Every structure is written in C-alpha cells, then in structure tokens.
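Summary of the model geometry
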Amino acid sequence: MFWRLLVLSLLSVLGEAANIGLLVVATGRYIQFVPPLLESADRCFLKNHKVTYFVFTDQEPVFHPHAIYSFQERLGWPFDTMHRYHVYYKHRELFDEQDYLFAIDADMLFVDAVGDEILGERVATLHPGFVGQRGSYETHPYSCAYIGPEEGSRYFAGGFYGGTREAFLHVLKTNISKIDQDASRGVIAVWHDESHWNRYCIDYPPTVVLSPSYCYPEDWSIPYSKKLLALNKDHAKMRE
Ligand code: GAL
C-alpha cells in the first residue's frame, strides 16, 4: 500500500499519466445517458491520464474506443443502485491495471475540466443539498449504515466518489458486507448505497473532499462552479 502510494505520488510529480477507471452502471433506460456522459468525459475528465470506461449494462453497447462493456442484468429498485458495489466487485479483475477507480452515476455530465485535484487515496464529494450539515444519514441502529447523533458532520453524495484501486476495493468489500448483513435482517438503509458510503466515510475519512461542483444538480443555482452535473430525470419513468 505504502509503496504504491509513493509510486503514484512520484508519477504525479513527474507529470506521468496514471490509469484511471471510470465505472458506470447503466441498465435499462439509463443506457441513454452513456454516450453523452462518455463524450463529456472525453472532453473534461483527467485529460492528461489514460482513462478507461467500464460500463455495466443489459442494453446494446454503444461503441466507444475506450469503453469496456460487461453484462449486468436489471435488479429492480432499489437494488440497481444499492448493489452497484456488488457489481463492481464481481468484475474487480477488470480493474487490475488501474491506478485509480471512480464510480459515477450514469445520469451525470461533465461540463468543465476535472483534473488532478480529484486524485487521492479516498475521494468523496459533498452532497449539494447538505453543505455544512449532517444530511440524511441512516438514523436507525438496525442498519449497518447507522450513524449516531454524536457522529459525523458532513454528508457525501453517492453519485461520484473514488480513490486508489486498493482503497476503492476496500470500500466495495466493506459496504457489500454491510449491505448483505442488512439484507439478512430484511433491512435497507434509507439512501441505499449512499447511506453506506456515508458510514464508510466516518470510519475511513476521505483524503480528498470535493465540493458540490462535482455533483451540481442541473437546475439548481448554488455558489459553486459547475464541473460535473447531476442531470434532471423523471425518477419514476426511469425505473419503469
Ligand atoms: C437527493 C438526491 C438523492 C439522495 C438524497 C439524500 O437530493 O436526489 O439521490 O442523495 O438527496 O437525502
């Protein structure tokens, strides 16, 4: 771990390109977001690095020279979102060559340059709806995502996060185990994967905290520059 981080820091000092994996689950209608998302990432996302897109879908792949498609069936709401950790982990061998991994919601769009400022061991994005607040943590102790009243001071979005490959795989393993423990007791955390991500960020605080510029709701007006938009969508329709 130490040596890998040292090599990654040296690479960044030398301005060398790292291998970056951008992971997106886009089953059902969500596939419509993939071409514009990848096209926007081509223009804006870590341009000085070697980016590979890993797309998990049950739909016809849309060709892109740097995209690798894997089949993923629809699991139904809320498992399509909550089991993304499981999906990524199942395919972890695909990521062997990657130095950093980032997970992104399909319905997002890059609108400005995103560079080395996002590279770090554990990278989390502040949720635009709860800046400076504890946000919508899971407050029921029966869930493994539970956060007590004395814990936590900030709320992270589930739409964009990442880190080094090792750290990312640790997130996956940890949260899969908690989601599965919850499931064995018939429990689903209030905001699904995002709830578990917030619990994780208390246990393993992010080394890079990104502002809501990196999860900027398309039709909001908040005092941040727009870098990565969270697009409007008709939730009910998308889940049909
Ligand atoms: C909403 C967002 C959800 C979830 C929720 C948390 O604004 O659409 O995905 O993050 O906040 O309270």
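Going by the structure above, here's the rest.
These lines cover the structure that appears in this document, whether it is placed above or below. (Residues numbered from 1 in each chain as written. Predicted model: local features only at pLDDT ≥ 70, side-chain atom pairs only at ≥ 80, totals over all residues. Heavy atoms only, no water.)

Concerning the sheet that holds strand β8 (residues 208-210)
Overall, mixed pairing links the 7 strands, which are arranged β3-β2-β1-β4-β7-β6-β8 in an open sheet. Either end of the sheet is taken by a strand with one partner, and the two such strands are β3 (67-71) and β8. For this sheet, the mean angle separating the axes of adjacent strands, direction not counted, is 20 degrees. Judged from the 3 bridges that link them, strand β6 (residues 122-125) and β8 form a sheet pairing that is parallel. Bridge pairing in β8 places T125 opposite L210. Strands β1 (19-25), β2 (50-57), β3 and β4 (100-104) of the sheet are contacted by helix α2 (residues 34-44), whose axis makes an angle of about 170 degrees with β2. (Pairing = 2+ DSSP bridges. Helix = DSSP H or I, 4+ residues; strand = E, 2+ residues; numbered from the N terminus. Axes fitted to C-alpha atoms, helices over the stretch in contact; angles between N-to-C directions. Contact = heavy atoms within 4.5 Å.)

Some remarks on helix α6 (residues 192-203)
For α6, spanning 12 residues, the distance from its first C-alpha to its last is 17 Å, which sits close to the expected 16 Å at 1.5 Å a residue. Within the sequence span of α6, burial applies to H192, D193, E194, S195, H196, W197, N198, R199, Y200 and C201. Buried-residue contacts for α6 involve α3 (79-82), α4 (84-90), β6, β7 (160-164) and α5 (165-184). (Expected span 1.5 Å × (residues − 1). Buried < 20%, exposed > 50% of the residue type's maximum accessible area, 1.4 Å probe, protein only.)

Digging into the pattern of salt bridges
All told, the structure shown has 9 salt bridges when counted by the stated rule. In this structure, the salt-bridge partner of D105 is R84, at a minimum N-O distance of 2.7 Å. Residue D105 is located in the loop between β4 and β5 (108-110), and its partner R84 is located in helix α4; the two are separated by 21 residues in the primary sequence. (Salt bridge = Lys/Arg side-chain N within 4 Å of Asp/Glu carboxyl O.)

Describing α2
By the burial criterion, the buried members of α2 are V34, L37, L38, S40, A41 and C44. Viewed along the axis of α2, the buried residues span an arc of 160 degrees, placing them on a single side of the element. Where α2 is buried, its residues contact β1, β2, β3, β4 and β5. Looking at the residues trailing α2, positive phi occurs at L46, about 45 degrees. (Arc of directions from axis to C-beta.)

Just geometry here; none of it tells us what the structure is for.
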